[in-house]
Amino acid sequence: MKDFFTKKKKYATVPSAKARQDVPEGIVRKCPKCKKIMYVKELQKHLFVCQSCGYHYPIGAHDRAVMLFDQDSYVEFDKDMVSLNPLQFPNYMNKLESDRKKTKLNEAVWTGKGRIEGFECAVAIMDKGFRMGSMGSVVGEKITRMIEYADKNALPVLIFSASGGARMQEGVLSLMQMAKTSAALKAFSENAGLYISIMTHPTTGGVSASFASLGDYNFAEPGALIGFAGRRIIEQTIGEELPDDFQTAEFLLKHGQLDQVIPRSELRNVLRQVLSIHSEGGAEEWDRN
Amino acid sequence: MGPELDFEKPILELQGKISELKQFMDEKGIDLSDELNHLQERLAALEKETYGSMTPWERVRIARKLDRPTTLDYIPLLFTDFVECHGDRLYGDDPAIVAGIAKFHGYPVTIIGEQRGRDTKENIMRNFGSPHPEGYRKALRLMKQADKFHRPIITFIDTKGAFPGKTAEERGQSEAIARNLFEMSWLSVPVICVVIGEGASGGALAIGVGNQILMLENSWYSVISPEGAAALLWKDAGKAEEAAKTMKITGFDLKKLGIIDKLIPEVLGGAHHDPEKQAQLIDHAIIESLKELSRLSADQVRNQRLAKYRAVGNYDTVQEKQPNHSIFSYSSDGQ
């Protein structure tokens, strides 16, 4: 099994000079699953889904917002919130700074509101490009504020998770963000708020073990890695090989953890259906008609 | 007694000398009490010095001692009429979590505690104190029952983490933990959580959303174990000692960070030196917490807990000075 990992890693991270030449950065991209090369512009048109094998490329928060919301209908919340360094963790601030430059985001989550098929929603979109989408104080606070805004304004909540879990550099404060976000969702739920969770690649650790698993509807993108513990840790713990589809969205669906696995191209349509059903009254309406 | 830890060796050597001297005095009938007193004074000073200035890593090692008292050791010392309740009513019973009802100074309480083994055989039976989803679901079942009957809940946290295994993933480890955070936040009875040993990550937090969080002096609580942190951050699990310091995981650190409410003193050298006395110290702390919380109504109990978690975080917001002001102009330390 060890060989399997080293081989795979070597193959994936050290492309030959020729391979690099074959795939010029930024213009075309090679599908990691079927190896088909596609123009980025073409990919963009198809919501970053490989047209040959259906592989869903992970996407950043900006691309997600553009493809999710009705045109120009969204605004961002808490754009100016930044992490501090509660543990005085060495080098943490530099890492945040370099990720800010890399992603053009101030933190690992975008929050805001906007219209989806005409329905106004409060939304959080995580970005794995920023510290692997990890949740520290800012991610926890932004998501909590977004839920509170939805609660106050009677909006549905959508959260797109993409995260390796809790952020190590903020230690126990990151851990407590799991409780903070889950508590906010509970209060929202008690007020009959609708929460739709959409798990994208990857949704693991402290994020999967808090808000991502708590939707009234739990959806996921095809092929997304979703789980509590890392695959390697599990293999070391139980000393046996795991099935290929272990901890994929499809695996979770099979084990009763998800409502549906929804291809990116169909997401807006399913959201429209769910939001539309929730915008109507329930049983009491029958009495009136 | 379990095997001594390296930093305790000088103490054990001195203890050895003292007992040798005592034996010598008895055998030979010679009075050497001056020397004996001198040695005993030295021992007291050495113990105070050693145990009074333990590093985070030394505390972690004490927290992990096999003979350190566990949930099941404390239950008979703290409670009467303990009735254990098994099973989550969905899948099975998880021996890594002990749950039940009992009386605390005559008043009914619900007890939930993570339970590791006190020897290898028991450790295997109890999965080394790493719960499966059914353990957390059993805990939730009993917490909701406590809510129904207005009983305070006392939880004991002692885990290396929720079990990272195939079966746990299949049965929804993430969902089980998340559900407990969600539901515990809304309970209308006082919840007091006591970290008695190890408090690793979501596996600890899943029974740790309380009105008051208490920690023993030689326990730790963090987002990950020191070994896990070292492996993740520096690709070297051998740097656990350094990680124990950097990650700020001891009760002393967490008190300073405002995450826990009370640090419970430990008997000199660690709880395992005198479990009865340690139980008394825990007893006092729980009574104090329950008294504080008993003044609150059911709504106030819930709101106090919600407010406590709402407030956790360390961030900064800088007012936008102009429209289109960019985040990238802030200084890197956010000041």
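Residues numbered from 1 in each chain as written. Chains lettered and ligands numbered in written order. Predicted model: local features only at pLDDT ≥ 70, side-chain atom pairs only at ≥ 80, totals over all residues. Heavy atoms only, no water.

Draft legend 1. View of the pairing of strand β6 (residues 212–216) of chain B. All names here are of chain B. Most of β6 is tucked away, with 5 of its 5 residues classed as buried. On β6, burial covers both faces: Q212, L214 and L216 on one face and I213 and M215 on the other are all buried. Note: strand β5 (residues 191–200) against β6, 4 bridges, orientation parallel. Along β6, the bridge assignment pairs I192 with Q212. Pairing analysis gives 3 bridges linking β6 to strand β8 (residues 262–264), with the strands arranged parallel. Bridged to L214 within β8 is K262. (Buried < 20%, exposed > 50% of the residue type's maximum accessible area, 1.4 Å probe, protein only. Helix = DSSP H or I, 4+ residues; strand = E, 2+ residues; numbered from the N terminus. Pairing = 2+ DSSP bridges.)

Draft legend 2. Molecular detail of the interface of chain B and chain A. Taken residue by residue, the interface counts 56 residues in chain B and 65 residues in chain A. For the chain B and chain A pair, buried surface summed over both sides reaches about 5,300 Å², with 70% attributable to carbon and sulfur atoms. Its largest share of buried area at the contact with chain A, chain B owes to F182, R310 and N314 of chain B, together 13% of the area lost on that side. For the pair chain B and chain A, the number of links is 3 salt bridges. Taking the shortest distance from any N to any O, the salt bridge between R310 of chain B and E148 of chain A comes out at 2.5 Å. Applying the counting rule to chain B against chain A returns 15 residue pairs in polar contact (both at pLDDT 80 or more). (Contact = heavy atoms within 4.5 Å. Buried area = accessible area lost by both parts, 1.4 Å probe. Salt bridge = Lys/Arg side-chain N within 4 Å of Asp/Glu carboxyl O. Polar contact = N/O pair within 3.5 Å; in protein donor to acceptor, adjacent residues only side chain to side chain.)

Draft legend 3. Representation of the pairing of strand β6 (residues 119–126) of chain A in the model. Residues and elements named next belong to chain A. Counting buried positions over the 8 residues of β6 gives 6, a clear majority of the element. Inspection of the sheet shows strand β5 (residues 109–116) paired to β6 by 8 bridges, in the antiparallel sense. Looking across to β6, one finds that R115 is bridged to E120. Between the end of β5 and the start of β6, which pair antiparallel, lie 2 residues, with E117 showing a positive phi angle near 50°. In this sheet, strand β7 (residues 157–163) lies alongside β6 in parallel orientation, the contact comprising 4 bridges. Looking at the pairing, A124 lines up with I159 of β7. Once you follow β6 into helix α6 (residues 137–153) and on to β7, the crossover reads as right-handed. (Right-handed = clockwise from strand over helix to strand, strands pointing away.)

Draft legend 4. Highlighting the UniProt feature "domain: CoA carboxyltransferase C-terminal" (unreviewed entry) in chain B. UniProt's feature table lists "domain: CoA carboxyltransferase C-terminal" (unreviewed entry) at residues 38–292 of chain B, given in the numbering used throughout. For residues 38–292 of chain B, the helix share is 45%, the strand share is 19%, and the end-to-end C-alpha distance is 45 Å. (UniProt positions renumbered as here; feature names shortened; annotations may be inferred.)

Draft legend 5. A look at the packing of aromatic side chains. Per the counting criterion, the structure on display carries 10 aromatic pairs over all chains. Aromatic side chains F69 of chain A and W110 of chain A sit 5.8 Å apart centroid to centroid with 50° between the ring planes, which places their arrangement in the tilted category. With F69 of chain A in the loop between α4 (61–68) and β3 (75–76) and W110 of chain A in strand β5, this pair connects stretches of sequence that are 41 residues apart. Taking the centre distance of 5.8 Å and the plane angle of 75° together, the rings of Y74 of chain A and W110 of chain A count as edge-to-face. Pair noted here: Y74 of chain A is in the loop between α4 and β3 and W110 of chain A is in strand β5, with a separation of 36 residues, a long-range link. Site record: aromatic cluster; members linked through ring pairs are F69, Y74 and W110 of chain A. A cation sits over an aromatic face here: R179 of chain B above F182 of chain B, 5.4 Å from the ring centre. (Phe/Tyr/Trp six-rings, centres within 6.5 Å; stacked < 30°, edge-to-face > 60°. Lys NZ or Arg CZ within 6 Å of the ring centre and 35° of its normal.)

Draft legend 6. Seen up close, the UniProt feature "zinc finger region: C4-type" (unreviewed entry) in chain A. On the UniProt side, "zinc finger region: C4-type" (unreviewed entry) is annotated at positions that read residues 31–53 of chain A here. Span residues 31–53 of chain A is 26% helix and 13% strand, its end C-alpha atoms 9 Å apart.

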